[in-house]
Amino acid sequence: MNKFPKNFMWGGATAANQLEGAYQEGGKGLSIADALPGGPDRFKLVNAPDFDWSIDENHYTYPNHDGIDHYHHFKEDIALFAEMEFKCYRFSIAWSRIFPNGDEKQPNEDGLKFYDQLIATCQKYDIEPVITISHYEMPLNLVKKYGGWKNRQLITFYERFARTVLTRYYKQVKYWMTFNEINSAFTFPVMGQGLVASNGANDKQNIYQAWHNQFVAGAKAVKLGHELNPQLKVGCMVLYATTYSYDANPVNQLATLEQNQAFNHFCGDVQVRGEYPAYTEKLMNKFGFSFTDLEIGDEDLALLKANPVDYIGFSYYMSTTIDVADKNREQASGNLIGGVKNPFLKTSEWGWQVDPVGLRIALNELYNRYRKPLFVVENGLGAVDKPDTNFHVQDDYRIDYLREHIEAMAGAITDGVDLMGYTPWGCIDLVSASTGQMSKRYGFIYVDLDDQGHGTLKRYKKASFDWYKKVISSNGDQL
Ligand code: BGP
């Protein structure tokens, strides 16, 4: 029996800064992603107090500048998504294309024209656009001049940006998300909050202040979306890593609960329930400050309460395991958070602990916590693909990963979870966020481009392309 509802939204997900390229075309300004050097040390480098923001354009050192040149290939790329029978396509709008410096009063019409065409192309194929308003890409000027999201003025700038795109596209686009992986700032506040060492990223109070400002800005987007059309669905987006205690030691169990509060649940609790959770003060006291030390107005709290999100979008790649009792346990790496090595799980080439059952648990935890629709908007396996001489990639490892996660979603649906859709990450190969390289690939479509920027940029279907097409056409029956 088919577990997936008839209108289930199968698709794929990308982010502007990782695939568009054309970083200075159509009046686009520089974004924080444009300043990130390539390579796995990119977050560390940018966080150095003396990081040099000037960009050396002579080398292929900044892979986000060129992405996979989707800016000039979007018609071809979306045609390929349509061939896989995508019902929806999740992408983001580059803030710096619409407001190049972030603080202008008027939007850049050329930037909007690009998204007019992108959305029209989706519509041509009956692909429902799902838009992330801000995905790890804010105008660099807002980082350098205003210090990133810790500055309350960013609420005004984001509101202007959100108003511009919501007003322009609300008739064509029903599904929106406010901020990508808002909770990722817990470990890496660079991309989402524009906080680097030189503007206070190492002081946790700044991160919580930045979150508050983002919560308020997000609530304003929800409010505006509903004013434009009460049927619009505006969601939040969190990074979820199902978290286990290594053993039955109550000390580890308590640490697991606290990790869940601090990482998996805090941002969602505020955005879904519209209020700060009971454990807020505890989280802040741990870092030596109090809720009352933050700049939070009564009108902010009223706004949050009145404008909770409509659904919860989340990314899921791996689970994590906690052992605070034994400091000698082998550590694991992961999607921004690591934990200790779980002996029951295999890992990806980057050490991320692959755990499909953990996705079923995540779906149950989130749904029973919030009772609002869920949307798995990122999931996938980063791997080094090895094309043959005809550029064919037999990516059975990726098919296995996705199949097991789709089975886990089907299981969660039988558990009673209301799941709207599934958009695997990087449905076409793109620049990796954490490594800043092309060689960590997720796509159903291979892009001929290497870590040095060499390649024809030609697109080739991988084995997973035909497999996923079959999954969609059978509504998840044929895995
Ligand atoms: C998420 C981000 C994406 C994406 C993905 C894969 O955290 O929302 O932007 O890149 O992870 O991560 P990576 O590219 O580091 O493998």
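Nothing here was measured: the structure is a model prediction, and the numbers come from that model.

Engineer: Looking at this model, I keep getting lost on the environment of Ala210. Mind explaining?
Structural biologist: You can see Ala210 is positioned in helix H9 (residues 204-228). The exposure class of Ala210 is buried, given the 26 C-beta atoms found within 10 Å. Taking the C-alpha atoms as reference, Ala210 lies 33 Å from Met409; in sequence the two are 199 residues apart. In this view, Ala210 contacts Gly148, Trp149, Lys150, Ala185, Pro189, Gln193 and Leu195; residues no more than four positions away in its chain are not counted.

Engineer: Is there a simple way to think about the UniProt feature "active site" (unreviewed entry) in the chain in this case?
Structural biologist: UniProt tags Glu378 as "active site" (unreviewed entry). Assignment of secondary structure puts Glu378 in strand S11 (residues 374-378). Residue class for Glu378 comes out buried when judged on the 27 C-beta atoms lying within 10 Å of it. Aside from chain neighbours lying at most four places away, what touches Glu378 is Ala13, Ser315 and Trp425.

Engineer: Sorry if this is basic, but what is going on with unusual backbone geometry here?
Structural biologist: The residue Asp69 is not glycine, and still its phi comes out positive at about 55°. For Asp69, the position within the fold is in the loop between helix H2 (42-46) and helix H3 (70-83). Although it is not a glycine, Phe391 sits at a positive phi angle of roughly 65°. Tracing the chain through its elements places Phe391 in the loop between S11 and helix H14 (396-414). Given 15 C-beta atoms within a 10 Å radius, Phe391 is considered partly exposed.

Engineer: What am I meant to see in the nonpolar core here?
Structural biologist: Where a protein is soluble and globular, its nonpolar side chains tend to be buried together. In terms of nonpolar packing, the biggest core is built from 137 residues, with Tyr89, Ile93, Phe314 and Met409 touching the most fellow members. Looking at which element gives the most residues to this core, the answer is H9, with 10 residues.

Engineer: Any chance you could explain the site of the ligand here in plain terms?
Structural biologist: If you check the shell around the ligand, you find 15 residues, and the closest are Glu181, Gly382, Ser432, Ala433 and Ser434. For the shell around the ligand, a count of residues per class yields five nonpolar, seven polar and three charged.

Engineer: Honestly, the pairing of strand S1 (residues 9-13) in this entry has me stumped. Any pointers?
Structural biologist: Successive residues of a regular strand alternate their side chains across the two faces of the sheet. Most of S1 sits out of view: five of its five residues are buried. Of the two faces of S1, the one holding Met9, Gly11 and Ala13 and the one holding Trp10 and Gly12 are both buried throughout. When S1 meets strand S12 (residues 419-422), the two strands line up parallel, connected through two bridges. In the strand pairing of S12, Trp10 is matched with Tyr422. Relative to strand S2 (residues 88-92), S1 is paired through three bridges, and the arrangement is parallel. The partner of Ala13 across the bridge, within S2, is Arg90.

Engineer: Quick question: what am I supposed to make of the sheet that holds strand S5 (residues 233-239) here?
Structural biologist: Through backbone hydrogen bonds, the strands of a sheet pair up, either in parallel or in antiparallel fashion. With parallel pairing, eight strands are arranged side by side around a closed barrel as S1-S2-S3-S4-S5-S7-S11-S12. Neighbour-to-neighbour, the strand axes of the sheet open up by a mean angle of 30°, direction not taken into account. Judged from the three bridges that link them, S11 and S12 form a sheet pairing that is parallel. The residue of S12 that forms the bridge with Phe375 is Gly421.

Thresholds applied
Residues numbered from 1 in each chain as written. Predicted model: local features only at pLDDT ≥ 70, side-chain atom pairs only at ≥ 80, totals over all residues. Helix = DSSP H or I, 4+ residues; strand = E, 2+ residues; numbered from the N terminus. Buried ≥ 20, exposed ≤ 12 C-beta atoms within 10 Å, placed from the backbone. Contact = placed C-beta atoms within 7 Å. UniProt positions renumbered as here; feature names shortened; annotations may be inferred. Core = buried A, V, L, I, M, F, W, Y, C linked by C-beta atoms within 7 Å. Near = placed C-beta within 6 Å. Nonpolar A, V, L, I, M, F, W, Y, C, P; charged D, E, K, R; others polar. Pairing = 2+ DSSP bridges. Axes fitted to C-alpha atoms, helices over the stretch in contact; angles between N-to-C directions.

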